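# Descriptive structure summary
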Amino acid sequence: MTTAEAQSAPPFILYLDGQEYADEMTGLSVWVSDLLLPVYGREVTSQQPWCPRWWEHLEAVARLHALWLAWQEHTDPTAGASGPAVWHRDHLGPVLAELRSPAGPFAGCKEGSHRAKTAPFAEPYDKHPGL
C-alpha cells in the first residue's frame, strides 16, 4: 500500500470516538443488517451463537468493521475479478468462525438475549519486581 492509499483509507473504528464513531457505526450496522446477515448469517444455534446486540461486544465491532473495510476494498471494481473470492477466503470465513465460535464473544448470548461479558483482568506491570 502506498502512502497516499494509507492516508485515504478510512480509519479503524477503534481509533474513532464521538460523532465519528457514531457515524461509522451507523454505516457498519446497515452493512451488517442489510448484507452480511441476510446473505451469510446462517441459523443461530448453541454451536453458532449470534448476539442481537452485537454492537455491545467491542471485539465484534472491531472484527466486523475490519470485515466491512475488507469487503469495500475487495468488492471494488479495481480489486479485479478475484477480489470477492479473496474476501470470502481470507476475511469472511475467519471472522465469522471467531465471532460465532461457542467460545467467542457471543458465547452465552441467545436470539433475543444479550449477555454482557467480563474481560480478563491484568495486574499493572511492575518494571522493577522485588526492588
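Refer to the structure above for everything that follows.
Anyway, here's the lowdown on the structure attached to this text. The structure displayed is predicted, hence computed values, not measured ones.

Conventions and cut-offs
Residues numbered from 1 in each chain as written. Predicted model: local features only at pLDDT ≥ 70, side-chain atom pairs only at ≥ 80, totals over all residues. Heavy atoms only, no water. Helix = DSSP H or I, 4+ residues; strand = E, 2+ residues; numbered from the N terminus. Contact = heavy atoms within 4.5 Å. Axes fitted to C-alpha atoms, helices over the stretch in contact; angles between N-to-C directions. Parallel < 35°, antiparallel > 145°, perpendicular 65-115°, else oblique. Nonpolar A, V, L, I, M, F, W, Y, C, P; charged D, E, K, R; others polar.

A word on the environment of Leu37. Mapped onto the secondary structure, Leu37 falls in helix 2 (residues 18–40). In this structure, Leu37 is in contact with Val32 and Trp50, ignoring residues within four places of it in sequence.

Packing of helix 2 against helix 3 (residues 58–74) leaves a shortest axis separation of 10 Å and a crossing angle of 75°. The pairing of helix 2 with helix 3 is recorded here as roughly perpendicular in orientation. Contacts between helix 2 and helix 3 involve Tyr21, Glu24, Met25, Gly27, Leu28, Trp31, Val32, Leu35 and Leu36 on the former and, on the latter, Leu58, Val61, Leu64, His65, Leu67, Trp68 and Trp71. Taken together, the residues that form the contact of helix 2 with helix 3 break down as 13 nonpolar, two polar and one charged.

Turning our attention to the environment of Glu98. Examined against the element boundaries, Glu98 turns out to sit in helix 4 (residues 83–99). A sequence separation of 35 residues divides Glu98 from Arg63, and the C-alpha atoms of the two residues are 8.9 Å apart. Those residues in contact with Glu98 that lie beyond four places of it in its chain are Arg63, Gly104 and Pro105.

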